[in-house]
There are 2 protein chains.
Amino acid sequence: MRTLNKEDIEDLAVGAAILGTGGGGDPYLGKLTAIQALEEGHAINVVGVSEVPDDALIIPSAGMGTPTVIIEKIPRGTEIINAFKALSDYLGREVYATMPIEAGGLNSTFPLAVGAKMGIPIVDADGMGRAFPELQMTTFHIHGVPVTPMALADERDNTVLLKTCDNFWAEWIARDITVRFGGAAWIALYPMTGKELKKASIPGTLGLAQRLGAAIREARENGESPIEALLEASDGFEVFKGKIIDVERRTTGGFARGQTEIEGIDDYRGQTLTVQFQNENLVAIVGGTVSACVPDLITILDLETAIPITTEAVKYGYRCIVIGISCSEKWRSARALEVAGPRYFGYDIEYRPISKLREETG
Amino acid sequence: MRTLNKEDIEDLAVGAAILGTGGGGDPYLGKLTAIQALEEGHAINVVGVSEVPDDALIIPSAGMGTPTVIIEKIPRGTEIINAFKALSDYLGREVYATMPIEAGGLNSTFPLAVGAKMGIPIVDADGMGRAFPELQMTTFHIHGVPVTPMALADERDNTVLLKTCDNFWAEWIARDITVRFGGAAWIALYPMTGKELKKASIPGTLGLAQRLGAAIREARENGESPIEALLEASDGFEVFKGKIIDVERRTTGGFARGQTEIEGIDDYRGQTLTVQFQNENLVAIVGGTVSACVPDLITILDLETAIPITTEAVKYGYRCIVIGISCSEKWRSARALEVAGPRYFGYDIEYRPISKLREETG
């Protein structure tokens, strides 16, 4: 068990937004939420996966919805507690810990606030090792853990408790409730035992996020290149550098969908990169060739500060670097690619690991 | 307490469809559901409102959705039991009885099957004394009883438990879940005490439905006019007689909306009546003059048999009679008319009781 301080949280929010691959919420909003819990006198305690007893009950917590809505409709912080309590009351068992379902500026830090306020630790793990737009796109799902029973809450104190026949129905119904809630819902879901956690989660995502954020901060403090520090700390690849020249964005079916066009600079002069997204960045294409694709991570960063730019924040004129990071090996099986590979998202693309793609074009 | 037999149920289903004013579901489907429960050896016991102890817990049960869908997607009967159990488990208290929320071919008889299968009686009352399209259009709502906690279930064993900040939010969210379920949901809602029941319900609706059905059946058996028998038993008014010449029907937002045009015969030759509906018949207009309007009951019946024709069953060529029946006095207060008067449905019409309208035009 380790306890996070304010700087840890700031690092973690930045690193988590990088892993959030354009989605998972704004890191600024995310860090405020967790820091507020600290300032109210709560402790944020993080436990490793191996420390969790096999029979302990874990309830992950998250925000769900359209990032473009969430930044305009800032949560009070009580919504997620309402959802968490609704589900834990329903289960009627003591909850050992909470945890994130995905990495993201908001979705990695929200569970920190939940754990702090509920007086329980947060497990250093998640179900994606990145962010994905749909609830069933988790390693939990791949390992047979049901999304439901699941609770959703909004800022009006509406709460919904779902039990569905499968995880696709959970996504289908919950997405619509999120739309009815006005575009954002606060959720507690995938209740699981410590034993399931050990088999089905991606361990260490919080620690990784914190290390990435710290690498960027330290490089900046030391007058070094934060981008280089990040690429080294993440084993990442530079995919493109340029200026954002167009953003097409629409909010449909409870998602922010669209694409970002980036005109190359430096080595990329004369080329244009297109990044398509559904809450998260999914595919990066230059001149008809795939540079990186889901489930590998594609993140757009401010070229000077290495601060990640989420899909709701990208806009004309930003000078940026696009990086690619290898996804967890858990996402590379045939079964996992069916759940979250490029074809699931409607792209007629065979998944090839970013390392292979970089070798070929690099 | 009285026990219903097969003939009682058949009468009740027909009478309830008349009170259902075009909605509330098909009487044939409704009677099958309840008769099946009888044939499985269950007893259908009906209790009067005054027999219910003040501290008893009552959970009404119903079908929700688009009638045009329900007749094509016939329920198994287990859905409503799932919803009922989900809510009663959540409340964790012994349930004394169930009851209908509205009158209708299906929604009056479904609770009979629920009560029979759960081994509890059915209260002879409802929350409308007719059918209405939305959940908050009940005398329960007018008397401050919350719709939620509420459970919804479908045929795939999906269940949803809702708690909302008010009754409009319950309708708003539940309607959408119904659409996601494929157009129909089976619901348990408005849990209330015996004390609330006595204040907030319309007593005797099941008994009234049964008497109307019996009046029609007996008239037919005796070679008398079933229409005249019905008008007498219901204190109803003849509004129009004619042939259906057009039906406009669309399924939008989880409702069946549209209008029926009827070309006059006999005394009404040369006139055309238009009946506009949203699941239920709402307004009847002849030559720009309102003949009857919500919350009074407007029912279209087969001219020969006096069998009510629901909005999903009206079609070209039917020879029919349109009758009007006075609504419960509970619907005539200013507060009640705000909830379910013509203006709520978007008609710029001042509500005037059917008896007044008939005096003037009659």
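Residues numbered from 1 in each chain as written. Chains lettered and ligands numbered in written order. Predicted model: local features only at pLDDT ≥ 70, side-chain atom pairs only at ≥ 80, totals over all residues.

**What to know about helix α5 (residues 110-118) of chain B**
It helps to recall that an α-helix has 3.6 residues per turn; residues three or four apart then point in one direction. Residue and element names in this part refer to chain B. Going by this rule: Any residue whose C-beta has 12 or fewer other C-beta atoms within 10 Å is treated as exposed, any with 20 or more as buried, and any in between as partly exposed, C-beta atoms being built from the backbone. Labels follow the DSSP assignment, with helices taken as runs of H or I lasting at least four residues and strands as runs of E lasting at least two, numbered in each case from the N terminus. In this description, a residue-residue contact is defined by the distance between C-beta atoms placed from the backbone, which must lie within 7 Å.
Counting buried residues in α5 gives seven out of nine residues, a clear majority hidden from the surface. All buried positions along α5 are accounted for by Phe110, Pro111, Leu112, Ala113, Val114, Gly115 and Ala116. Residues of α5 that are buried sit in contact with α1 (6-19), α2 (27-39), β4 (61-65), α4 (78-91) and β5 (122-123). Directly after α5, the chain includes Gly119, whose backbone phi takes a positive value near 70 degrees.

**Here's the deal with the interface of chain A and chain B**
Quick note on the threshold: Two strands make a pair as long as DSSP finds a minimum of two bridges between them.
The partner chain B presents 16 residues to the 16 residues of chain A that form the contact. At the level of elements, β8 (159-163) and α7 (167-180) of chain A are the ones that each hand at least two residues to the side of chain A that touches chain B. The element best represented in the side of chain A that touches chain B is α7(A), accounting for six residues. Taken together, the five bridges between β8(A) and strand β8 (residues 159-163) of chain B define a ladder with antiparallel strand orientation. Within the sheet, the bridge partner assigned to Thr159(A) lies in β8(B) and is Lys163(B).

**Description of unusual backbone geometry**
Most peptide bonds take the trans configuration, and most residues that are not glycine carry a negative phi. All names here are of chain A. A cis amide bond links Thr148 to the next residue, Pro149, at an omega of 5 degrees. Along the chain, Pro149 falls in the loop between α6 (139-142) and β7 (150-153). A positive phi is found at Asp157, a non-glycine position, where the angle reads about 70 degrees. Looking at where Asp157 falls in the secondary structure, it is placed in the loop between β7 and β8.

**Remarks on the relation of the copies chain A and chain B**
Relating the two copies of this chain is a rotation about some axis coupled with a shift parallel to it. What counts is decided by this rule: The superposition of copies rests on a least-squares fit of C-alpha positions from residues with pLDDT of 70 or more in both.
The operation relating chain A to chain B is a screw motion whose rotation component is 180 degrees, with 0.0 Å of axial translation and a residual RMSD of 0.0 Å. Such a combination of rotation and displacement between the chain copies is what one expects of a two-fold axis. Of every C-alpha in chain A, the one belonging to Leu161(A) sits nearest the axis of rotation, 2.4 Å from it. The residues that chain A uses at the interface reappear at the interface of chain B in 100% of cases, marking a shared surface.

**Re the pairing of strand β12 (residues 237-252) of chain A**
All names here are of chain A. The pairing of β12 with strand β18 (residues 319-325) spans six bridges and is classified as antiparallel. Following the sheet pairing, Lys243 is matched in β18 by Arg319. Of the pairings in the sheet, the one linking β12 to strand β13 (residues 255-264) comprises 10 bridges and is antiparallel in character. Bridging from a neighbouring strand, Arg250 pairs with Arg257 of β13. With antiparallel pairing between neighbouring strands as the criterion, β12 and β13 make up a hairpin whose turn holds two residues, including Gly253 at a positive phi of roughly 60 degrees.

**Observations regarding the sheet that holds strand β9 (residues 184-188) of chain B**
The line we're drawing: Axis lines are fitted through C-alpha atoms, for helices just across the contact stretch, and the angle between N-to-C directions can take any value from 0 to 180 degrees.
The strand order across the open sheet built from eight strands is β4(A)-β9(A)-β7(A)-β8(A)-β8(B)-β7(B)-β9(B)-β4(B), with neighbouring strands paired in antiparallel fashion. Each edge of the open sheet is held by one strand with a lone partner, namely β4 (61-65) of chain A together with β4 of chain B. With strand direction ignored, the average angle separating the axes of adjacent strands in the sheet is 25 degrees. Here three bridges tie strand β7 (residues 150-153) of chain B to β9(B), and the two strands are oriented antiparallel to one another. Paired with Ala151(B) across the two strands is Ala188(B), which belongs to β9(B). Helix α4 (residues 78-91) of chain A contacts β4, β7, β8 and β9 (184-188) of chain A of the sheet and is inclined by roughly 150 degrees relative to β7(A).

**As for the domain arrangement of chain A**
Residues and elements named next belong to chain A. Where we set the bar: The split into domains, and so the bounds of each, comes from an automatic or database assignment of domains.
We note that the domain assignment places domain 1 (2-205) and domain 2 (230-361) within chain A. Between the C-alpha centres of domain 1 and domain 2 there is a distance of 24 Å. Secondary structure elements with two or more residues in the side of domain 1 that touches domain 2: α1 (6-19), α3 (67-70), α6 and α7. Counting residues per element, the side of domain 1 that touches domain 2 draws most heavily on α1, which supplies four residues.

**Quick look at the packing of α1(A) against helix α9 (residues 205-221) of chain A**
Two quantities define a packed helix pair, namely the angle between the helix axes and the distance between the axes. Residue and element names in this part refer to chain A. Applied cut-off: Working rule for angles: under 35 degrees goes down as roughly parallel, over 145 as roughly antiparallel, 65 to 115 as roughly perpendicular, anything else as oblique. Gly is put with the polar residues, along with every residue not named as nonpolar or charged; the nonpolar set is Ala, Val, Leu, Ile, Met, Phe, Trp, Tyr, Cys and Pro, and the charged set is Asp, Glu, Lys and Arg.
One way to put it is that α1 packs onto α9 with a least axis distance of 6 Å and a crossing angle of 105 degrees. One finds that α1 runs roughly perpendicular with respect to α9. Contacts from Asp8, Glu10, Asp11, Leu12, Ala13, Val14, Gly15, Ala16, Ile18 and Leu19 of α1 reach α9 at Thr205, Leu206, Leu208, Ala209, Gln210, Arg211, Leu212, Gly213, Ala214, Ile216 and Arg217. Its residues assigned to classes, the contact of α1 with α9 comprises 12 nonpolar, four polar and five charged.

**Overview of the pairing of strand β15 (residues 280-286) of chain B**
All names here are of chain B. The element β15 is extensively covered by neighbouring structure, given that five of its seven residues are classed as buried. As defined by bridge partners, strand β14 (residues 272-278) adjoins β15 across six bridges and the pair is classed as antiparallel. Residue Leu273 lies in a different strand from β15, and its bridge partner there is Val286. Hairpin connection between β14 and β15: a loop of one residue separates the two successive antiparallel strands, and Asn279 in this loop has a positive phi of roughly 60 degrees. Taken together, the four bridges between β15 and strand β16 (residues 289-293) define a ladder with antiparallel strand orientation. When the bridges of β16 are listed, Ile285 appears paired with Val290.

**Observations regarding the environment of Gly48(A)**
Residue and element names in this part refer to chain A. By the secondary structure assignment, Gly48 is in the loop between β2 (45-47) and β3 (57-58). Assessed through the 16 C-beta atoms surrounding it within 10 Å, Gly48 is described here as partly exposed. As for Gly48 and Val123, which are separated by 75 residues in sequence, their C-alpha atoms are 5.8 Å apart.

**Examining the packing of α7(A) against helix α7 (residues 167-180) of chain B**
Spelled out, the test is: Two helices crossing with the near one rotated counterclockwise from the far one by less than a right angle form a left-handed crossing, whereas a clockwise rotation gives a right-handed crossing.
Packing of α7(A) against α7(B) brings their axes to within 10 Å, and their N-to-C directions diverge by 150 degrees. Crossing angle aside, the handedness with which α7(A) passes α7(B) is right-handed. Here Trp172(A), Ile173(A), Asp176(A), Ile177(A) and Arg180(A) of α7(A) lie close against α7(B), whose contacting residues are Trp172(B), Ile173(B), Asp176(B), Ile177(B) and Arg180(B). Taken together, the residues of the contact of α7(A) with α7(B) sort by class into six nonpolar, no polar and four charged.

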